[in-house]
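Descriptive structure summary
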Amino acid sequence: HTVGHRFKSCTAHFVFNKPISSPSPRTKITMPSPKFYKEYSVKNHLCTSGIIARNGKVLLGHRIYHDASYWVSPGGRCDKNEKPENAVLREIAEEIGVTDARIVRKLGKKEGAYSDENGKDTVVVFEIATNQEPRLMEPEKFKEWKWFSIEEIPSNLPGQQDKDFFKKALNG
């Protein structure tokens, strides 16, 4: 597992893009503080979202942030030089443990929620098919994954245009 940047947490300093040796059982590893995220300038603003629709419902995860929570489809930031098609499949495997995901079609693009002095996120949205059931793989980020009909979708979405993409995926 590698990540293309450096960060310093309260208890450890990590340098990525090199193999990471397993920490000793006594090593305490913590995530960066919220201050880090405010100070870190994201250069790559290309993200992905994978909408999985099945039996008239879409899969959404309850994503928890330090100051808010949203219902989101699986996805995330593209790694450096990574194509969105590869990134969405990687993120789906990481977030919900689905390894047989396949792209049905590209549904479009939307503006993401994050921005900094380098610009705003662009999210490439895909319709995804899978035969596997989702699992909670990142409990530190997500409270749960749940299937919703279009009428049941919660109002706390990152953007209201998300619902248009859900409808598009549900209508084939």
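Here is what the cut-offs are and how they apply
Residues numbered from 1 in each chain as written. Predicted model: local features only at pLDDT ≥ 70, side-chain atom pairs only at ≥ 80, totals over all residues. Heavy atoms only, no water. Helix = DSSP H or I, 4+ residues; strand = E, 2+ residues; numbered from the N terminus. Buried < 20%, exposed > 50% of the residue type's maximum accessible area, 1.4 Å probe, protein only. Contact = heavy atoms within 4.5 Å. Areas by Shrake-Rupley, 256 points an atom, 1.4 Å probe, with all protein chains shown as cover. Core = buried A, V, L, I, M, F, W, Y, C linked by side-chain atoms within 4.5 Å. Salt bridge = Lys/Arg side-chain N within 4 Å of Asp/Glu carboxyl O. Phe/Tyr/Trp six-rings, centres within 6.5 Å; stacked < 30°, edge-to-face > 60°. Lys NZ or Arg CZ within 6 Å of the ring centre and 35° of its normal. Pairing = 2+ DSSP bridges. Arc of directions from axis to C-beta.

**Structural notes on the overall build of the protein chain**
Summing up its helical and strand segments, the protein chain has three helices and nine strands in all. The buried share of the protein chain, taken over its 172 residues, is 40%. Counting only contacts in the protein chain whose residues sit at least 6 apart along the sequence, the fraction spanning at least 24 positions is 65%. Put simply, the protein chain shows about 10600 Å² of open surface, and 50% of that area lies on carbon and sulfur atoms.

**Thoughts on the nonpolar core**
One finds Ile51, Leu60, Ile153 and Phe166 to be the most contacted residues of the largest nonpolar core, which totals 15 residues. For this core, the secondary-structure elements that each account for two or more residues are β3 (46-54), β4 (57-64), β8 (119-129) and α3 (162-170). For this core, the element with the most residues is α3, which contributes three residues. Residues contacting Phe166, with those up to four places away along its chain left out, are Ile51, Val58, Leu60, Ile150, Ile153 and Leu157. Grouped together as the second largest cluster of nonpolar side chains are 13 residues, Ile96, Ile128, Phe142 and Trp145 included.

**Overview of the pattern of salt bridges**
Inspection of the entire model under this criterion finds nine salt bridges. As a salt-bridge pair, Asp121 and Arg77 come within 3.1 Å of each other at their nearest N and O atoms. Here Arg77 lies in strand β6 (residues 75-77) and Asp121 lies in strand β8, a separation of 44 residues in the sequence. Residue Asp121 is classed as buried on the basis of its relative accessible area of 6%. For Lys110, the salt bridge identified is with Asp162, shortest N-O distance 2.4 Å. Residue Lys110 is located in strand β7 (residues 102-116), and its partner Asp162 is located in helix α3; the two are separated by 52 residues in the primary sequence. For the pair Lys110 and Asp162, a shared accessibility class is recorded, and that class is buried. A network of salt bridges, in which partner residues are shared, links Asp79, Glu82, Arg90, Glu91 and Glu94.

**A word on the packing of aromatic side chains**
By the definition in use, this model includes three aromatic pairs. Looking at Arg63, its charged tip hangs above the ring of Phe142, at a distance of 5.2 Å from the centre.

**Re the pairing of β4**
Most of β4 sits inside the fold, with six of its eight residues counted as buried. Across two bridges, β3 lies against β4 in antiparallel orientation. In the sheet register, Arg54 faces β4, and the bridge partner there is Lys57. What sits between β3 and β4 in their antiparallel hairpin is a turn of two residues, with Asn55 showing a positive phi close to 50 degrees. Of the strand pairs in this sheet, β4 and strand β9 (residues 142-148) are connected by five bridges, and their pairing is antiparallel. Bridging from a neighbouring strand, Leu59 pairs with Trp147 of β9. Counting the residues that bridge the hairpin from β4 to strand β5 (residues 69-72) gives four residues.

**Digging into the side chain of Glu91**
Checked against the element boundaries, Glu91 lands in helix α2 (residues 84-96). Leaving out residues up to four positions away in the same chain, Glu91 has contacts with Thr48, Gly75, Gly76 and Arg77.

**Describing α3**
Here α3 has its buried residues at Asp162, Phe165, Phe166 and Ala169. The arc that holds every buried residue of α3, seen down its axis, measures 105 degrees, which confines them to one face. Packing partners of the buried residues in α3 comprise β3, β4, β7 and β8. Just beyond α3, the residue with positive phi is Gly172, at close to 65 degrees.

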